[in-house]
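Tertiary structure, described
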Amino acid sequence: MRADLVVVGSGLFGATVAQRAAEELGAHVVVVERRDHVGGNAYSSPDPDTGIEAHRYGSHIFHTSNEQVWSYANRFTAFNDYRHHVYACHAEEIFPLPINLGTINQFFRTALGPEAARALIAEHAAEITAEPANLEEKAISLIGRPLYEAFIRGYTAKQWQTDPTQLDAAIITRLPVRLNYNNRYFSDRHEGIPTGGYGAWVERMLDHPRIELRLGEDFLAGDGPISRDACVGQVPVVYTGAVDRFFGHRCGALTWRTLDFDTRILPTGDHQGTAVINYPDADVPYTRIHEFRHYQPERPHPDDATVIMREYSRMAGPDDDPYYPVGTPADRARLARYQRLAAELEAQQVAFGGRLGSYRYLDMDRAIAAALDCFEKAVRPWFRH
Ligand code: FAD
Ligand code: UDP
């Protein structure tokens with residue numbers, strides 16, 4: 001086996017680096033992946049019973065305003081013209097999200113225009129007079145207490161298993177509040193679902209005569225030819241697994257939220273009429289229900305079966321899949337120590353990247369953009385002889 005470069009992890013970050021190195025540098029790349037499939041958390045594949053493309057680790061919608069990333073992605077897959085909309089089920093009533101004029105008028109049983117709605121929200125938000133110090137205060141300052149209690153407090157407590165007064169205000173600024181009837185979830189120039197699914201997209205990226213894929217192998221376990229002990233210092237490595245695990249948790253474990261998914265096939269052609277409904281009420285244990293057929297309306301689907309997935313959120317234990325970095329002050333201090341250890345390995349041609357390797361929440365387009373950057377700044381110079 002020849003390896004000029006080892007890439008650990010076949011998510012969008014690892015697949016991008018591997019593809020670029022094989023094509024641009026003529027390098028022989030070995031991609032090692034712990035799971036039995038490529039694509040990382042974005043992975044989707046057809047459900048064997050219904051043929052409906054199911055997203056194994058939760059709904060993924062590709063959206064970007066980055067033209068370089070968009071044209072790179074389009075080399076390997078086409079995208080349909082899906083536009084994401086999310087609804088919330090509160091007190092047995094369905095409301096549009098993100099919070100917009102439709103949500104406000106339905107919730108307060110009124111018919112306000114934008115200016116009157118702005119005045120109403122300002123009145124409800126008046127209790128916050130100082131700079132908001134946490135997520136709860138930030139949310140109330142943006143939407144007022146009644147809407148906060150209906151749509152944010154319970155959902156956020158379930159998502160983060162933490163009281164919203166203890167969470168960073170920045171989390172809530174990801175969700176826009178609109179004083180018009182626009183209820184598109186994302187505002188990027190390009191949006192869609194890969195027509196062949198995420199698994200097929202990444203398989204296509206890695207389908208190159210100079211890329212060897214090793215599925216079901218953990219780079220950090222054992223001492224085989226493609227393991228940390230055998231490779232570091234011998235062959236360049238791009239590592240996209242968890243940074244704390246690479247260093248044996250020697251500076252302490254970083255905290256993550258994990259998700260549990262309960263997937264079911266229901267005997268109906270349409271269970272909820274849309275892809276995602278959020279459940280913000282505290283007495284419902286799950287945070288949202290996904291129904292995958294709605295992502296690909298261009299495909300034929302059975303009219304007597306549908307695939308749904310209930311999503312539950314909790315803190316990750318040592319054996320759980322990490323999904324969202326929590327980022328407490330203690331995490332930030334630990335991360336800085338891991339970053340120093342990682343920097344010391346640069347001389348041995350080891351680079352860390354991706355969601356797990358950088359301990360950052362990254363949307364798919366940002367994962368690809370970061371990988372293209374890692375390829376140019378770290379990998380390409382390694383091959384300049
Ligand atoms: P990953 O996809 O996590 O890939 C890392 C890979 O490395 C994994 O396959 C893992 O098995 C492998 N690995 C780890 N350690 C080892 C090891 N020691 N040996 C071998 N292999 C290893 N983004 C969007 O743009 N739109 C969305 O709608 C969206 N929805 C999301 C929903 C959820 C629930 C989550 C959690 C994320 C969502 N994202 C979304 C973000 C998206 O999942 C990430 O952008 C993407 O996963 C980042 O790719 P990555 O390669 O950095 O990491
Ligand atoms: N959020 C909420 N209610 C919702 C949707 C989102 O309170 O119906 C809050 C919640 O704190 C969440 C944050 O807004 O963590 C960001 O929402 P997004 O949908 O981006 O995040 P995710 O669900 O992926 O964490």
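An unreviewed UniProt entry annotates the protein chain as UDP-galactopyranose mutase of Actinomyces ruminicola. The Sequence similarities (unreviewed entry) comment attached to the protein chain in UniProt states, word for word, "Belongs to the UDP-galactopyranose/dTDP-fucopyranose mutase family."

1. Digging into the nonpolar core
If you look at the biggest cluster of nonpolar residues, it comprises 74 residues, and the most contacted ones within it are Leu 5, Val 29, Phe 62, Trp 201, Val 238 and Val 379. Here this core gets 9 residues from one element, more than from any other, and that element is helix H12 (residues 364-382). With residues near it in sequence (within four places) discarded, Val 238 still touches Leu 5, Val 6, Val 7, Val 8, Phe 13, Val 17, Ala 351, Cys 374, Val 379 and Trp 382. By size, the runner-up hydrophobic cluster in this structure holds 28 residues, among which are Val 6, Val 30, Tyr 338 and Leu 345.

2. Structural notes on the sheet that holds strand E15 (residues 324-325)
Pairing is mixed in the open sheet, where 7 strands are placed in the order E7-E6-E12-E13-E14-E11-E15. Only two strands of the sheet have a single partner each, and these edge strands are strand E7 (93-97) and E15.

3. Focus: the site of ligand 2
Among the 16 residues in the neighbourhood of ligand 2, the closest are listed as Phe 151, Thr 156, Gln 159, Tyr 185 and Asn 278. A distance of 2.8 Å is found between an oxygen atom of ligand 2 and a side-chain nitrogen or oxygen belonging to Thr 156. Here an oxygen atom of ligand 2 sits 3.0 Å away from a polar atom, N or O, in the side chain of Tyr 324. Relative to its unbound accessible area of 510 Å², ligand 2 is 93% covered by the protein chains. Examining the composition of the shell around ligand 2, we find that 6 residues originate from one element, helix H6 (residues 145-160), more than from any other.

4. Comments concerning the packing of helix H1 (residues 12-25) against H12
Running from N to C, H1 and H12 cross one another at 40°; their axes reach a closest spacing of 8 Å. On the basis of the axis angle, H1 is oblique to H12. In the packing of H1 onto H12, the handedness of the crossing is right-handed. Across from Leu 12, Phe 13, Thr 16, Val 17, Arg 20, Ala 21, Glu 24 and Leu 25 in H1, the residues of H12 making contact are Met 364, Ala 367, Ile 368, Ala 370, Ala 371, Leu 372, Cys 374, Phe 375, Val 379 and Arg 380. Within the contact of H1 with H12, the residues separate by chemical class into 14 nonpolar, 1 polar and 3 charged.

5. Considerations on the pattern of salt bridges
Scanning the model with the defined rule gives 26 salt bridges in all. Residue Asp 229 pairs with Arg 228 through a salt bridge whose shortest N-O separation is 3.7 Å. A residue is classified by how much of its surface remains accessible, and Asp 229, at 58% relative accessible area, is exposed. On the basis of relative accessibility, which here comes to 23%, the residue Arg 228 falls in the partly exposed class. Look at the salt bridges and you will find they share partners, linking Arg 20, Glu 23, Glu 24, Arg 75, Glu 376 and Arg 380 into a network.

Analysis parameters
- Within every chain, residues take consecutive numbers counted from 1 along the sequence as written.
- Ligands are numbered from 1 and chains lettered from A, in the order in which they are written.
- Totals for whole chains, interfaces and linings use all residues, but because this is a predicted model, local features are given only for residues with pLDDT of at least 70 and pairs of side-chain atoms are given and counted only at 80 or more.
- Excluding hydrogens and water, the side-chain values take into account all heavy atoms of the structure.
- UniProt positions are given in the numbering used here, feature names are shortened, and annotations may be inferred rather than shown by experiment.
- Within this scheme, the nonpolar core is defined by two criteria: the residues are buried Ala, Val, Leu, Ile, Met, Phe, Trp, Tyr or Cys, and they are joined through side-chain atoms within 4.5 Å.
- Burial classes: relative accessible area under 20% of the type maximum marks a residue as buried, over 50% as exposed, and values in between as partly exposed (1.4 Å probe, protein chains only).
- Numbered from the N terminus, helices here are DSSP runs of H or I no shorter than four residues, and strands are runs of E no shorter than two.
- Contact criterion: two residues are considered in contact whenever any of their non-hydrogen atoms come within 4.5 Å of each other.
- When DSSP locates at least two bridges between a pair of strands, those strands are taken to pair.
- By convention in these notes, a residue is near a molecule or strand provided one of its non-hydrogen atoms lies within 4 Å of it.
- Definition of a polar contact: a pair of N or O atoms within 3.5 Å, with one able to donate and the other able to accept a hydrogen when the atoms are protein atoms, and with sequence-neighbouring residues admitted only if both atoms are side-chain atoms.
- Method for areas: the Shrake-Rupley scheme with a 1.4 Å probe, in which residue coverage is limited to the protein chains shown.
- Here, axes are lines fitted to C-alpha atoms. For helices the fit covers the stretch in contact, and angles between N-to-C directions go from 0 to 180 degrees.
- Roughly parallel means an angle under 35 degrees; roughly antiparallel, over 145; roughly perpendicular, 65 to 115; everything else is oblique.
- With the far helix as reference, a near helix turned anticlockwise by less than a right angle produces a left-handed crossing, and one turned clockwise produces a right-handed crossing.
- Classification convention: Asp, Glu, Lys, Arg as charged; Ala, Val, Leu, Ile, Met, Phe, Trp, Tyr, Cys, Pro as nonpolar; all other residues, Gly among them, as polar.
- We count a salt bridge whenever a side-chain nitrogen from Lys or Arg sits within 4 Å of a carboxyl oxygen from Asp or Glu.

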